[in-house]
2 protein chains.
Amino acid sequence: MVDSCQHCDQCRRGEEQLCREGNTVTYGGFDRVTQEMTQGGYSKHVVVRQEFVLRVPDGLDLSRAAPLLCAGITTFSLLRTWNVGPGSRVGVIGLGGLGHMAVKLAAGLGAQVTVMSRTPNKRADALALGADRLLISTDPDAMAQAANGFDLIIDTVPNKHDLNPYLPLLDVDGTLVIVGQIGPMDEMSSVPLLLGRRRVAGSPIGGIRETQELLDFCASKGILPETETIRMDQINEAFERMERSDVRYRFVIDMASLEGSAEAVA
Amino acid sequence: MVDSCQHCDQCRRGEEQLCREGNTVTYGGFDRVTQEMTQGGYSKHVVVRQEFVLRVPDGLDLSRAAPLLCAGITTFSLLRTWNVGPGSRVGVIGLGGLGHMAVKLAAGLGAQVTVMSRTPNKRADALALGADRLLISTDPDAMAQAANGFDLIIDTVPNKHDLNPYLPLLDVDGTLVIVGQIGPMDEMSSVPLLLGRRRVAGSPIGGIRETQELLDFCASKGILPETETIRMDQINEAFERMERSDVRYRFVIDMASLEGSAEAVA
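This one's a predicted model, so the numbers in the text were calculated from it and none came from an experiment.

Thresholds, definitions, all that
Residues numbered from 1 in each chain as written. Chains lettered and ligands numbered in written order. Predicted model: local features only at pLDDT ≥ 70, side-chain atom pairs only at ≥ 80, totals over all residues. Heavy atoms only, no water. Helix = DSSP H or I, 4+ residues; strand = E, 2+ residues; numbered from the N terminus. Expected span 1.5 Å × (residues − 1). Buried < 20%, exposed > 50% of the residue type's maximum accessible area, 1.4 Å probe, protein only. Contact = heavy atoms within 4.5 Å. Phe/Tyr/Trp six-rings, centres within 6.5 Å; stacked < 30°, edge-to-face > 60°. Buried area = accessible area lost by both parts, 1.4 Å probe. Salt bridge = Lys/Arg side-chain N within 4 Å of Asp/Glu carboxyl O. Polar contact = N/O pair within 3.5 Å; in protein donor to acceptor, adjacent residues only side chain to side chain. Nonpolar A, V, L, I, M, F, W, Y, C, P; charged D, E, K, R; others polar. Pairing = 2+ DSSP bridges. Least-squares fit on C-alpha atoms with pLDDT ≥ 70 in both. Axes fitted to C-alpha atoms, helices over the stretch in contact; angles between N-to-C directions. Parallel < 35°, antiparallel > 145°, perpendicular 65-115°, else oblique. Domains from an automatic or database assignment. pLDDT = per-residue confidence, 0-100.

**Considerations on helix α8 (residues 208–221) of chain A**
All names here are of chain A. Between its terminal C-alpha atoms α8 stretches 20 Å, which fits the 20 Å expected from 14 residues at 1.5 Å a residue. Regarding α8, the residues found buried are I208, E210, T211, Q212, L214, L215, F217 and C218. Those residues of α8 that are buried lie in contact with α3 (71–81) and α4 (97–108).

Here's what the structure looks like:
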């Protein structure tokens, strides 16, 4: 996000991501100043409105700070919106770029964190990232035992899927927040919502003030995304690896690798 | 609801409807004292736990108080849960037993109330019940203009239907609460949820303390369900009329009509 209207109620309260006139996304967006399409951050220089410049705190490795501005703020913002803190019971479905940040940040805020996964394969990774336990969603006994056990479940699965198995895991007034899938969800039953006054919600990224807060929080707590730095000329290989889920957990392109590559600059 | 465990966290905070061990419903429920099936209120005498006895305030017509204990408390409880008060923008989908109480109670709490309906036929009824306007959900222009205009939408439609047209009507952080359909909902897109941090929830009836509060509120404000009183021997006819939506808005059976009918008592 590189711009917004700056005068609507959402912008004024620091929620530029919810700008009434639409925020300007970093790439493929409509630039409200130049009237051109925004070209993203893979370039030597980017011009943005000064209100959208963030300060990376000293000591926060630049390559690992990068994913905080998307996966990091998306999960941090919802953790703040739903008041997660010490003692909160948080579940995370999916352990990719968003999921691993959800685990780290929720744990950093003092929550009890459970990763939900179809198989036990991810147990070691989940615990290493700061989760307290792994709940295997294909184990009916484990799922039944976990009923009513969560204040918040963060669903990072990026495709159409069934929410019904997860809704009974929420406690009364608990919320499942969708951040992965952008599009249709499978048919959902209203029964677990009605019986437990449960909720299903979505959440976008966060505002600029909150993003700065996240950077400062991560620097002070030493919370960083797990990244693998690649050169620009490795981008196609990285895409292929991403498609087969061979990434832990985010690729970061070293923009210095662009220097000297006339082709890439062009 | 005639009983609950009385010792779980939900019962202790007066939310017996959310009792961890399940509340005892008035009919067809498992009576935790007698171990028999509960038989409902259509009888000369009902024995209930004293904590579940409510006081109908003087001056509140008994026949019109009856539906407050179901349609009334279901809508009142969610209006309180979502902090509806003066200035709240509330939408109501469906204008039956639940819907007409949602309109009256939301208006009674000072909210601006909009009834959402497929046709303009219900405009006069909606306004007479206290709504400020009717929004015709089949009119694309009216629906587009109404976008982001509601803090809360109460969906009382009692069958499987599509929520997607209604989600964009919610403002940022707004909630659509399902109280009609008990079962599967049509596929829902996560996009309006993500873009506006919107929520979909369900809500059951309310607790006993809140139900007493509702009775007192209705007596003091003169808010009453619209009812038609029938004799017990009219019950089959009433069922047929209900099936063709020929009821405004709740039938109430006069239990005095049971006296002298040996057959009905048997």
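**Considering the packing of aromatic side chains**
Residue and element names in this part refer to chain B. Under the criterion given, the structure shown has 2 aromatic pairs over all chains. Between the aromatic rings of F76 and F217, the centroid separation amounts to 5.6 Å while the plane-to-plane angle is 35°, which identifies the pairing as tilted. Pair noted here: F76 is in helix α3 (residues 71–81) and F217 is in helix α8 (residues 208–221), with a separation of 141 residues, a long-range link.

**Some remarks on the interface of chain B and chain A**
The interface is formed by 39 residues belonging to chain B together with 39 residues belonging to chain A. Taken over both partners, the interface formed by chain B and chain A buries close to 2900 Å², and the fraction arising from carbon and sulfur atoms is 55%. Taken together, chain B and chain A are joined by 6 salt bridges. Between R197 of chain B and E15 of chain A there is a salt bridge, and its shortest N-O distance comes to 2.8 Å. For the interface between chain B and chain A, the tally reads 15 residue pairs in polar contact (both at pLDDT 80 or more). Considered class by class, the residues forming the side of chain B that touches chain A number 16 nonpolar, 12 polar and 11 charged. Both strand β9 (residues 199–202) of chain A and strand β9 (residues 199–202) of chain B contribute to a ladder of 3 bridges, which runs antiparallel. Bridged to R199 of chain A within β9 of chain B is A201 of chain B.

**Things to note about the relation of the copies chain B and chain A**
Between chain B and chain A, the superposition needs a rotation of 180° and an axial shift of 0.0 Å, giving an RMSD of 0.0 Å. Such a turn and shift between the copies fits a two-fold axis. Nearest to the rotation axis, the C-alpha of E187 of chain B is located 2.3 Å from it, this being the minimum over chain B. Both copies present the same face, since 100% of the interface residues in chain B are matched by interface residues at the equivalent positions in chain A.

**Here's the deal with the environment of R241 of chain B**
With respect to the element layout, R241 of chain B can be found in helix α9 (residues 235–243). Apart from residues no more than four positions distant in its own chain, R241 of chain B is found in contact with E228, D246 and F251 of chain B.

**A few points about the sheet that holds strand β6 (residues 150–155) of chain B**
With mixed pairing, the 12 strands of this open sheet are ordered in space as β5(A)-β4(A)-β3(A)-β6(A)-β7(A)-β9(A)-β9(B)-β7(B)-β6(B)-β3(B)-β4(B)-β5(B). Single-partner strands in this sheet number two, and they are β5 (133–136) of chain A together with β5 (133–136) of chain B. Recorded for the sheet is a direction-independent mean angle of 20° between the axes of neighbouring strands. Where α3 of chain B meets the sheet, it contacts β9 of chain A together with β6 and β7 (170–178) of chain B, and its direction lies at approximately 160° from that of β6 of chain B.

**Details of the packing of α3 of chain B against α8 of chain B**
Residues and elements named next belong to chain B. Contact geometry of α3 with α8 gives a least axis separation of 10 Å together with a crossing angle of 100°. Here α3 lies roughly perpendicular to α8, going by the angle between them. Taken together, the residues of α8 that come into contact with α3 (itself represented by G72, I73, F76, S77 and R80) are E210, T211, E213, L214 and F217.

**Looking at the domain arrangement of chain A**
Residues and elements named next belong to chain A. Per the domain assignment, the segments making up chain A are domain 1 (1–53), domain 2 (67–202) and domain 3 (226–266). Distance between the C-alpha centres of domain 2 and domain 3: 29 Å. With 10 residues of domain 2 at the interface, the matching set in domain 3 holds 6 residues. Contact with domain 3 buries surface across domain 2, with P67, H100 and D125 losing the most and accounting together for 54% of the total. Inspection of the domain 2/domain 3 interface yields 2 salt bridges. The shortest N-O distance in the salt bridge between R248 and D125 comes to 3.2 Å. At the junction of domain 2 and domain 3, the tally comes to 3 residue pairs in polar contact (both at pLDDT 80 or more). Tallied by class, residues from the side of domain 2 that touches domain 3 come to 5 nonpolar, 3 polar and 2 charged.

**Focus on the confidence of the model for chain A**
Mean pLDDT over chain A works out to 94, with 97% of the residues at or above the 70 mark. In the model, residues 262–266 of chain A has pLDDT below 50 throughout and makes 4 contacts with residues more than four positions away in sequence or in other chains.

**Some words on unusual backbone geometry**
Residue and element names in this part refer to chain A. Of note, the bond from R248 into Y249 is cis; its omega dihedral lies within 30 degrees of zero at -5°. Residues other than glycine seldom take positive phi values, yet N148 does so here, at roughly 60°. Among the structural elements, N148 can be located in the loop between α6 (140–145) and β6 (150–155).

**A word on the pattern of salt bridges**
Pairing is possible between side chains that carry opposite charge, provided their charged atoms lie close to one another. Residue and element names in this part refer to chain B. Scanning the model with the defined rule gives 40 salt bridges over all chains in all. Its salt-bridge partner being R64, residue E226 comes within 3.5 Å of it at the nearest N-O pair. One end of the pair, E226, is in the loop between α8 and β10 (227–230); the other, R64, is in helix α2 (residues 62–65), and 162 residues separate them in sequence. You can call E226 partly exposed: its relative accessible area is 28%. As a salt-bridge pair, D233 and R231 come within 3.2 Å of each other at their nearest N and O atoms. Of the residues examined, D233 reaches a relative accessible area of 61% and is grouped as exposed.

**A closer look at the side chain of T75 of chain A**
Residues and elements named next belong to chain A. Here T75 lies in helix α3. In this structure T75 comes out as buried when scored by relative accessible area, which is 0%. Excluding anything up to four places from it in sequence, T75 contacts L98, M101, A102 and L105.

**Some words on α8 of chain B**
Turning to α8 of chain B, its buried residues are I208, E210, T211, L214, L215, F217 and C218 of chain B. Trailing α8 of chain B by a residue or two, G222 of chain B shows a phi angle of about 65°, which is positive.

**Focus: the pairing of β7 of chain B**
Regular strands have side chains that alternate between both faces of the sheet. All names here are of chain B. The buried fraction of β7 is high, at 8 of 9 residues. Sheet topology places β6 next to β7; 5 bridges connect them, and they run parallel. Looking across to β7, one finds that I153 is bridged to L176. Of the pairings in the sheet, the one linking β7 to β9 comprises 4 bridges and is parallel in character. The residue of β9 that forms the bridge with T175 is R199.

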